[in-house]
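Working through the structure, step by step
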Amino acid sequence: MKEVVVSAPGKLMLLGEHAVVYGKPCLVTAVNKRLNIKVSLTGGRDFILNAPDVSVRSYKKPLAMLGRAETPKGAAFVEKAVLNFKERYSFEEGLLLETDSEFSSGFGFGSSSASTVCVIKALSEIFERKLSKKDIFDLSYKTVLDVQKTGSGFDVASAVYGGTIYFVAGGEEIERIDNKSFNLIVGYSGTKADTSEIVREVAKKREEEKEKVDGIFAAIEILVENGKKFMLESDWENFGKTMNENQVLLSQLGVSIGKLDHMIDAARNAGAYGAKLSGAGGGDCMLALSPPDKLGDIRKAIESTGGKIIDIEASAEGVNML
Ligand code: PMV
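Residue indices follow the written sequence of each chain, beginning from 1 at its first position. Two thresholds apply to this predicted model, a pLDDT of at least 70 for residue-level local features and 80 or more for giving and counting side-chain atom pairs, whereas whole-chain, interface and lining totals are computed over all residues. Excluding hydrogens and water, the side-chain figures rest on all heavy atoms present in the structure.

**Regarding the packing of aromatic side chains**
The description of two aromatic rings rests on the distance between their centres and on the angle between their planes. The condition that has to hold: Two aromatic rings, drawn from Phe, Tyr or Trp (for Trp, its six-membered ring), form a pair once their centres lie within 6.5 Å of each other, and the interplanar angle then sorts them: stacked below 30 degrees, edge-to-face above 60, tilted otherwise. Numbering of helices and strands runs from the N terminus, with a helix taken as a DSSP run of H or I at least four residues long and a strand as a DSSP run of E at least two residues long. Residue exposure (1.4 Å probe, protein chains only): buried if accessible area is under 20% of the type maximum, exposed if over 50%, otherwise partly exposed.
If you walk through the whole model with that rule in mind, you get 13 aromatic pairs. Aromatic side chains phenylalanine 91 and phenylalanine 127 sit 4.5 Å apart centroid to centroid with 25° between the ring planes, which places their arrangement in the stacked category. Placement of phenylalanine 91 in the loop between helix H1 (76–89) and strand S5 (95–101) and of phenylalanine 127 in the loop between helix H2 (111–126) and helix H3 (133–148) is noted, with a sequence separation of 36 residues between them. Phenylalanine 91 gets classed as buried once you look at its relative accessible area, which sits at 4%. Classification of phenylalanine 127 as buried rests on a relative accessible area of 17%.

Here you go:
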């Protein structure tokens, strides 16, 4: 049985969330917690998916039925990715897909986009199509938009390219600005954020207070440009200050919550260069940039607020074959 195993990283937004949905740039880093997918040719004519991390077991459909009839929530991205690949590159062989995640889909690490990218990469390998990274990004991003309707694609780009990237919505600019010499501490708030819902709330706020919200986005854009420069110079003190300023703007947008604020304050009081929420807000994770000698203190401080530390390394490799 012909099979391939593909792996893609999770991600964390360093600077620029929300504004990136409105055409501004952001900085995102890939993390070494990965999502793996094994794809096998079965010799049949069915699509079969096992994704135990999202409670999908032995979900089966004839290939001809992809995208039709009901799809379990946990299978939506994978099924759509297979359908989009089939429509673009055409194949008739039955497939068994098995996913295995090193992180919970509740963390906001981008499991949907990572699994989408894995499927497109795996199918391109198994059917020997030569897809460039940009081809993989484009088809994966189309898939994510087909399923969830909104999204800048930063998470897709991070899963494809890995490292730390400067990203403009839709993949208009994707620039690797790798620097592995920073220490991030990630704290999980304990609640899963509903990204689409929060993106809709921000859109509503922008309708009501356009000038104010566009002003916030313009200010975030400046922070991202500064942050990129500080990262390239390994100026962590100023990168941390930039994170703090970004957090103020996110609070003005109304997307932070008390639990995240407590974790962020605790990290700063324990000596972090800076701290902020990461992603849509409303839950998920916060991150703190730590001086090398403060790692233990900051971890303890975050834990003392009830946050759960998730050990990660930043700037991990993008999608690859195992
Ligand atoms: O909640 P997350 O980690 O998927 O991040 C969402 C980031 C937003 O900028 C709010 C949305 C987007 O698609 O860029």
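Okay, back to it.
**Notes on the pattern of salt bridges**
Filter applied, for reference: Any Lys or Arg side-chain nitrogen found within 4 Å of a carboxyl oxygen on Asp or Glu counts as a salt bridge.
Per the stated rule, a full pass over the model turns up 17 salt bridges. Lysine 60 is the salt-bridge partner of aspartate 46, the closest N and O atoms lying 3.7 Å from each other. Pair noted here: aspartate 46 is in strand S3 (residues 46–51) and lysine 60 is in strand S4 (residues 56–62), with a separation of 14 residues, a long-range link. Judged by its relative accessible area of 23%, aspartate 46 falls in the partly exposed class. For lysine 60, a relative accessible area of 53% puts it in the exposed group. For arginine 268, the salt bridge goes to aspartate 265, with nearest N and O atoms at 3.9 Å. One end of the pair, arginine 268, and the other, aspartate 265, are both in helix H8 (residues 258–269), 3 residues apart, so they sit about a helical turn from each other. Arginine 268 gets classed as partly exposed once you look at its relative accessible area, which sits at 28%. We classify aspartate 265 as partly exposed; its relative accessible area is 37%. Taken together, the salt bridges that share partners define one network made up of Arg206, Lys210 and Asp214.

**Re the pairing of strand S2 (residues 25–41)**
Definition in use: A pair of strands is treated as paired once DSSP finds two or more bridges between them.
The buried fraction of S2 is high, at 14 of 17 residues. Here strand S1 (residues 3–15) pairs with S2 via 12 bridges, running antiparallel. Its bridge partner being in S2, serine 7 is matched across the sheet by asparagine 36.

As far as function goes, none of this settles anything; it's purely spatial.
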